[in-house]
Amino acid sequence: MSALPNKRLRRVKDILTMKITFQLNLKAVDNLVKETLELSSLDALKDKNEKILNSKELSFHVDETCNIINKCKNGGICDKVCQCPKGTSGNFCEGIDWCENDRCGLTNGVECLYNETSTLGYCKCKEPKHLYDDNTKTCQECDCGNNGKCIIVGNTKKCICEEGFAEYSFKCKPCDCGFGSISCFFKRGGSKVCNCKEKYALRTYGKSDIQCQRKFI
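Reading guide: rules and limits
- Residues numbered from 1 in each chain as written.
- Predicted model: local features only at pLDDT ≥ 70, side-chain atom pairs only at ≥ 80, totals over all residues.
- Heavy atoms only, no water.
- Helix = DSSP H or I, 4+ residues; strand = E, 2+ residues; numbered from the N terminus.
- Phe/Tyr/Trp six-rings, centres within 6.5 Å; stacked < 30°, edge-to-face > 60°.
- Buried < 20%, exposed > 50% of the residue type's maximum accessible area, 1.4 Å probe, protein only.
- Disulfide = S-S within 2.5 Å.
- Core = buried A, V, L, I, M, F, W, Y, C linked by side-chain atoms within 4.5 Å.
- Contact = heavy atoms within 4.5 Å.
- UniProt positions renumbered as here; feature names shortened; annotations may be inferred.
- Polar contact = N/O pair within 3.5 Å; in protein donor to acceptor, adjacent residues only side chain to side chain.

**So, unusual backbone geometry**
Here's step 1: The phi angle at Thr119 is positive, at roughly 60°, despite the residue not being glycine.
Here's step 2: In this fold, Thr119 is placed in the loop between strand 5 (110–115) and strand 6 (120–125).
Here's step 3: Positive phi, close to 60°, is recorded for Lys129, a residue that is not glycine.
Here's step 4: Tracing the chain through its elements places Lys129 in the loop between strand 6 and strand 7 (130–133).

**A look at the packing of aromatic side chains**
Here's step 1: One pass over the structure, following the stated rule, counts one aromatic pair.
Here's step 2: Between the aromatic rings of Tyr168 and Phe186, the centroid separation amounts to 5.9 Å while the plane-to-plane angle is 50°, which identifies the pairing as tilted. Of the two residues, Tyr168 is situated in strand 11 (residues 165–168) and Phe186 in strand 13 (residues 181–186); the sequence distance between them amounts to 18 residues.
Here's step 3: Classification of Tyr168 as partly exposed rests on a relative accessible area of 24%.
Here's step 4: Take Phe186: its relative accessible area is 17%, and that puts it in the buried class.

**Let's talk about the state of the cysteines**
Here's step 1: Counted according to the given criterion, the structure contains twelve disulfides.
Here's step 2: Paired by a disulfide, Cys72 and Cys82 hold their sulfur atoms 2.1 Å apart. Its S-S torsion of about -95° marks the bond between Cys72 and Cys82 as left-handed, since a negative value means left-handed. Of this pair, Cys72 sits in the loop between helix 1 (3–63) and strand 1 (77–79) while Cys82 sits in strand 2 (residues 81–83), and the two are ten residues apart along the sequence. Just as Cys72 is buried, Cys82 falls in that class too.
Here's step 3: Here Cys144 connects covalently by a disulfide to Cys159, the sulfurs 2.0 Å from one another. On the sign convention where negative is left-handed, the bridge of Cys144 and Cys159, at about -90° about the S-S bond, is left-handed. Placement of the pair is Cys144 in the loop between strand 8 (138–141) and strand 9 (148–153) and Cys159 in strand 10 (residues 156–161), with a sequence separation of 15 residues. Considered together, Cys144 and Cys159 belong to a single accessibility category, that of buried residues.

**Here we look at the nonpolar core**
Here's step 1: In this structure, Ala166, Cys175, Cys177, Cys184, Phe186, Cys194, Ile210 and Cys212 together form the largest nonpolar core, which totals eight residues.
Here's step 2: Elements that contribute at least two residues to this core include exactly strand 13 and strand 16 (209–214).
Here's step 3: Once residues within four sequence positions are removed from consideration, Cys177 is found in contact with Ser183, Cys184, Lys192, Val193, Cys194, Ile210, Gln211 and Cys212.
Here's step 4: Core analysis: the next-biggest nonpolar cluster, separate from the first, contains six residues, Cys142, Cys144, Cys150 and Ile152 among them.

**Details of the environment of Gly148**
Here's step 1: Looking at the secondary structure, you find Gly148 in strand 9.
Here's step 2: For the pair Gly148 and Ile160, spaced twelve residues apart in the sequence, the C-alpha separation amounts to 5.4 Å.
Here's step 3: Apart from residues no more than four positions distant in its own chain, Gly148 is found in contact with Ile160, Cys161, Glu162 and Cys172.

**Structural notes on the UniProt feature "domain: EGF-like" (unreviewed entry) in the chain**
Here's step 1: Residues annotated in UniProt with the feature "domain: EGF-like" (unreviewed entry) correspond here to residues 82–93.
Here's step 2: Spanning residues 82–93, this segment combines 0% helix with 33% strand, and its end C-alpha atoms are found 7 Å apart.

**Here we look at the side chain of Gln211**
Here's step 1: Examined against the element boundaries, Gln211 turns out to sit in strand 16.
Here's step 2: Residue Gln211 is classed as buried on the basis of its relative accessible area of 13%.
Here's step 3: In terms of polar contacts, Gln211 uses its side chain to reach the backbone carbonyl oxygen of Asp176, at 2.9 Å.
Here's step 4: In terms of polar contacts, Gln211 uses its side chain to reach the backbone amide nitrogen of Gly178, at 3.1 Å.
Here's step 5: If sequence neighbours within four positions are ignored, Gln211 has contacts with Asp176, Cys177, Gly178, Lys192, Ala201, Leu202, Arg203 and Tyr205.

Set out below in structure tokens:
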């Protein structure tokens, strides 16, 4: 009687082993299916990316052609594609070699432009009545009024005034010492200074105005 239970136990053990093996095989098949689907997705994604790249390359080559809409810049000549002058580069000559490496600084108010005569670039302020300072690589307000030109020398604003005007408080203001004067300028406090020619001397008119008048012999 003892042999029969042992046979049954072995039979049950064999059945359990077969069941476990079957489950493991099912899991392996499931993993294989998942891997196959993932590979298929990757292949599809690769094909899609290749199509996108090919499309971009096509549009890129089309965009390289210059025409009325896509014009050559910085003096470039359009002959189906842009023939760029010295010192420029790019499909439409938009790149300026001189301007590379942030030559004009990183300030938004400054732009780097191309000079067709010198074939070099230069920095210019976008705001009117502002000048670019090479030392600080920034733009400074520079307005001497309607009767003078403003320049920046050594990080300092200076006015070059027209005849009959002199700089005072960074503006060109009327400064007249008469026909007998050599020069007219203003002191720091605003008082007028006249340098007179030979045989001319200063004469005061009114409360404060002075003029160079001929000396009386």
